[in-house]
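Each chain, letter by letter, is given below.
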Amino acid sequence: MKINKIIYWASTVIFAGMMLMSSVMYLTKSQQLVEGFKLMGYPLFMLDILGVAKLLGAIALVQPKFKTLKEWAYAGFTINMIGAIWSHVVLGHPFISPLLFLALLAVSYLFYHRALFTKADLRPAL
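J.: How do you make sense of helix α1 (residues 2-27) when you look at a structure like this?
T.: Residues spaced three or four apart along an α-helix point in a common direction, a consequence of the helix completing one turn every 3.6 residues. With 26 residues, α1 should reach 38 Å at 1.5 Å per residue; the first-to-last C-alpha distance of 37 Å fits that figure. Regarding α1, the residues found buried are N4, Y8, S11, T12, F15, A16, M19, S22, S23 and Y26. Positioned one or two residues after α1, K29 has a phi angle of 55°, which is positive.

So, in structure tokens, the structure goes:
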């Protein structure tokens, strides 16, 4: 159904766009992120690792060809968001932002599979 594709693409583009902006902040070592990482006790080289991972993951989510790569990107972002939520909870910081990103990612994933299932249903039987 067309609505599945619309919801999939809308949620995916919004999520990927946010992760691209996040990637830029990580790779340019935004002062706020540096302070946050120091407060949490994480090494600053993680900014580079996460920045590159978010950049590549966002690209993987919007590309239509490599389905396995897209599944790995969904898994990586899920782990990243759960880690971000956990880090914020442990420190007593607000965790609504990574929770909303995780929810948006879940919507994207759900409607990605609904769109695939619908496409498979429309194929003629052999």
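That shown, we press on.
J.: Help me understand the environment of K65, please; the structure alone is not making it clear to me.
T.: Here K65 shows up in the loop between α3 (45-62) and α4 (67-91). Linking K65 and F111, residues 46 residues apart in sequence, is a C-alpha distance of 17 Å.

J.: I tried to follow the layout of surface pockets on my own but got confused; where do I start?
T.: If you roll a probe as big as a water molecule over the atoms, it shows you where there is empty space left. Put simply, the largest pocket is a space of about 840 Å³. Taken together, 29 residues make up the lining of the largest pocket; nearest its centre are Y26, L33, K54, A84 and H88. At eight residues, the largest contribution of residues to the lining of the largest pocket is made by α4. Residues that form the lining of the largest pocket fall into these classes: 17 nonpolar, ten polar and two charged.

J.: Got a minute to help me understand the packing of aromatic side chains in this structure?
T.: Each aromatic ring pair is characterised by the separation of its centres together with the angle its planes make. Within this structure, the stated rule accounts for eight aromatic pairs. For the ring pair F15 and F77, a centre distance of 5.0 Å and an interplane angle of 85° mean the geometry is edge-to-face. Of this pair, F15 sits in helix α1 while F77 sits in helix α4, and the two are 62 residues apart along the sequence. Overall, the relative accessible area of 1% leaves F15 in the buried class. Residue classification places F77 among the buried residues on the basis of a relative accessible area of 4%. Three or more aromatic residues joined by ring pairs make a cluster, and in this case those are Y8, W9, Y74, Y109 and Y112. Note that R114 overlies the ring of F111, its terminal NZ or CZ placed 4.9 Å from the centroid.

J.: Please clarify how the nonpolar core should be interpreted in this entry.
T.: Across soluble globular proteins, nonpolar side chains show a tendency to be buried alongside one another. By size, the foremost hydrophobic cluster in this structure holds 15 residues, and its most contacted members are F15, M19, L61, Y74, F77 and L105. For this core, the elements supplying multiple residues, two or more each, are α1, α3, α4 and α5 (96-121). When near neighbours in sequence (up to four residues on either side) are disregarded, L61 contacts Y8, T12, F15, K70, A73, Y74, F77 and L105. The next biggest cluster of nonpolar side chains, apart from the first, holds five residues, and it includes Y26, L33, F37 and L47.

J.: Hey, could you run me through the pattern of salt bridges in this one?
T.: Close approach of charged atoms lets side chains of opposite charge pair. Applying the stated rule across the entire model yields one salt bridge. Put simply, D48 and K29 hold a salt bridge, and the shortest N to O gap is 2.6 Å. Of the two residues, D48 sits in helix α3 while K29 sits in the loop between α1 and α2 (31-40), which places them 19 residues apart along the sequence. Taking relative accessible area as the criterion, D48 reaches 32% and is therefore assigned partly exposed. For K29, a relative accessible area of 36% corresponds to the partly exposed category.

Parameters and conventions
Residues numbered from 1 in each chain as written. Predicted model: local features only at pLDDT ≥ 70, side-chain atom pairs only at ≥ 80, totals over all residues. Heavy atoms only, no water. Helix = DSSP H or I, 4+ residues; strand = E, 2+ residues; numbered from the N terminus. Expected span 1.5 Å × (residues − 1). Buried < 20%, exposed > 50% of the residue type's maximum accessible area, 1.4 Å probe, protein only. 1 Å grid on protein atoms, 1.4 Å probe; cavity = no way out; pocket = protein on both sides within 12 Å on 5 of 7 lines; lining within 4 Å. Points joined across faces, edges and corners; volume = space filled by probe spheres on them. Nonpolar A, V, L, I, M, F, W, Y, C, P; charged D, E, K, R; others polar. Phe/Tyr/Trp six-rings, centres within 6.5 Å; stacked < 30°, edge-to-face > 60°. Lys NZ or Arg CZ within 6 Å of the ring centre and 35° of its normal. Core = buried A, V, L, I, M, F, W, Y, C linked by side-chain atoms within 4.5 Å. Contact = heavy atoms within 4.5 Å. Salt bridge = Lys/Arg side-chain N within 4 Å of Asp/Glu carboxyl O.

These figures capture arrangement, not role.
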